[in-house]
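# What the coordinates show
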Amino acid sequence: MKLGLIAGNGKFPFLVLEAARAQGFEVVVAAIKEEASPEIASKGAASVHWLSLGELSKLIDTFKTEGVTRAVMAGQVKHKQIFSAIKPDWRLAKLLLSLGTRNTDSLLGAVAKVLGDEGIVLESSTALLEALLARVGVLSKRAPSEQERKNIEYGRAVGQWLAEYDIGQTVVIAESACVALEAMEGTDATIERAGQLMRSMEAGELGSEDAGAGTGGGPSMLSRALTVVKIAKPKQDMRFDVPVIGVKTIETMMLAGARCLAVDAGRCLLLDGDATMHAADAAGIAVVAD
């Protein structure tokens, strides 16, 4: 049995490759030059083909030549990369011109349809990794505080609106106030931006001898601890753009001053498995899946 793997960046493609090989698949990797790690070539795939982000025809021809009729997408392709670095071939250019909106869902959904029309079925990227999907409940040693629960509730309300329009999947909250929303920059960059914003606010307050009317002349008493809420889209297509977190997410949160992380149970992958929770516990970060 052959399985095509369209590989982006991060650990996700490596986990899919390992799981597929363990289940007896011969894996044909189509590695995206702008995103995939060179290490993918040394992980036991039946073959590895490198192609640029805009080479849709080459992707189809490669899979047909290899006899691939089933494929999965795994690994991030940065949203800004899709719309800035892409150099589309004729087939992808035609597809782009046909799109009413150029968000991730519409683009990747259209690519999936083109693949399907060519006899290549794009399947769920989590089908081989169900054990890594977040389970319901508190996943860390520390449970969210009362204020963090309020942040999560508000963050989910904002995040559902954000995800409905396929803008982003991550919201960062402090004291039930929205600090940052994800757009094309990605989750880590959104968390970093939220941390920078909070630090700049603290520096401005602490560095001012006169904080102005109504502030009491001193720093705000509001908590600066950030809560990160990462949700799936209301109609999340598990074939692509699946929410993921890993050790790097926790490390980014630590640097930003974020103390709580909420994800969707059954629709978010914990890429580093137990290592993610060990990192969260070591940092005192609460992680919960609802």
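On a predicted model such as this, the values are computed, not experimentally measured, just so you know.

## What to know about a nonpolar patch on the surface
- Taken together, the side chains of Trp 161, Tyr 165, Ile 167 and Leu 181 define a hydrophobic patch exposed on the protein surface, amounting to about 390 Å² of accessible area.
- Assignment of secondary structure puts Trp 161 in helix α6 (residues 146-164).

## Structural notes on the side chain of Glu 66
- Tracing the backbone through its elements, the reader meets Glu 66 in helix α2 (residues 56-66).
- Side chain to side chain, Glu 66 and Ser 47 meet in a polar contact 2.8 Å long.
- Excluding residues within four positions of it along the chain, Glu 66 makes contact with Lys 2, Val 28, Ser 47 and His 49.

## Describing helix α8 (residues 247-256)
- For α8, the complete set of buried residues consists of Val 247, Thr 249, Ile 250, Thr 252, Met 253 and Ala 256.
- At the C-terminal side of α8, Gly 257 shows a positive phi close to 85°.

## Description of the sheet that holds strand β7 (residues 170-174)
- Within the open sheet, the 6 strands sit side by side as β6-β13-β11-β9-β7-β8. Their pairing is mixed. Only two strands of the sheet have a single partner each, and these edge strands are β6 (137-138) and β8 (177-181).
- Both β7 and β8 contribute to a ladder of 4 bridges, which runs antiparallel. Pairing of Ala 174 across the sheet is with Ala 177, part of β8.
- Relative to strand β11 (residues 258-263), α8 is tilted by about 140°, and along the sheet it contacts β9 (226-230) and β11.

## Here we look at helix α5 (residues 104-117)
- In this model, α5 (14 residues) spans 20 Å end to end at C-alpha, consistent with the 20 Å of a helix rising 1.5 Å per residue.
- Taken together, the buried positions of α5 are occupied by Thr 104, Ser 106, Leu 107, Leu 108, Ala 110, Val 111, Ala 112, Val 114 and Leu 115.
- After α5 finishes, the residue Gly 119 shows a positive phi value of roughly 85°.

## Some words on the side chain of Thr 249
- Counting through the fold element by element, Thr 249 comes out in helix α8.
- Classification of Thr 249 as buried rests on a relative accessible area of 8%.
- When sequence neighbours within four positions are dropped, the list of residues in contact with Thr 249 reads Asp 188 and Ile 191.

## Some words on the packing of aromatic side chains
- Taken as a whole, this structure holds 1 aromatic pair when the rule is applied.
- Taken together, a centroid distance of 5.9 Å and an interplanar angle of 55° make the contact between Trp 161 and Tyr 165 tilted.

## Looking at the sheet that holds strand β5 (residues 121-122)
- Spatial strand order, β3-β2-β1-β4-β5: 5 strands in an open sheet with parallel pairing. One side of each edge strand has no neighbouring strand; the edge strands of this open sheet are β3 (47-51) and β5.
- Pairing of strand β4 (residues 70-74) with β5 involves 2 bridges; the strand directions are parallel. Bridge assignment links Ala 71 to a residue of β5, and that residue is Leu 122.

## Focus on the confidence of the model for the protein
- Per-chain confidence: the protein averages 88 in pLDDT, with 90% of residues scoring 70 or above.
- Residue range residues 208-219 is modelled with pLDDT below 50. Its contacts to residues more than four positions away, or to other chains, number 5 contacts.

## Some words on the packing of α2 against α5
- Put simply, α2 and α5 touch, their axes get as near as 11 Å, and they point 40° apart. In this view, α2 runs oblique relative to α5, as classed from their interaxial angle. Remark: the crossing between α2 and α5 carries right-handed chirality. Listed contacts from α5 to Leu 56, Leu 59 and Ile 60 of α2 are Val 111, Val 114 and Leu 115.
- Within the contact of α2 with α5, the residues separate by chemical class into 6 nonpolar, no polar and no charged.

Scoring rules and cut-offs
- Residues numbered from 1 in each chain as written.
- Predicted model: local features only at pLDDT ≥ 70, side-chain atom pairs only at ≥ 80, totals over all residues.
- Heavy atoms only, no water.
- Patch = residues over 30% accessible without salt bridge, like charges linked within 9 Å, V, L, I, M, F, W, Y side chains within 5 Å.
- Areas by Shrake-Rupley, 256 points an atom, 1.4 Å probe, with all protein chains shown as cover.
- Salt bridge = Lys/Arg side-chain N within 4 Å of Asp/Glu carboxyl O.
- Helix = DSSP H or I, 4+ residues; strand = E, 2+ residues; numbered from the N terminus.
- Polar contact = N/O pair within 3.5 Å; in protein donor to acceptor, adjacent residues only side chain to side chain.
- Contact = heavy atoms within 4.5 Å.
- Buried < 20%, exposed > 50% of the residue type's maximum accessible area, 1.4 Å probe, protein only.
- Pairing = 2+ DSSP bridges.
- Axes fitted to C-alpha atoms, helices over the stretch in contact; angles between N-to-C directions.
- Expected span 1.5 Å × (residues − 1).
- Phe/Tyr/Trp six-rings, centres within 6.5 Å; stacked < 30°, edge-to-face > 60°.
- pLDDT = per-residue confidence, 0-100.
- Parallel < 35°, antiparallel > 145°, perpendicular 65-115°, else oblique.
- Left-handed = near helix turned anticlockwise from the far one by under 90°.
- Nonpolar A, V, L, I, M, F, W, Y, C, P; charged D, E, K, R; others polar.

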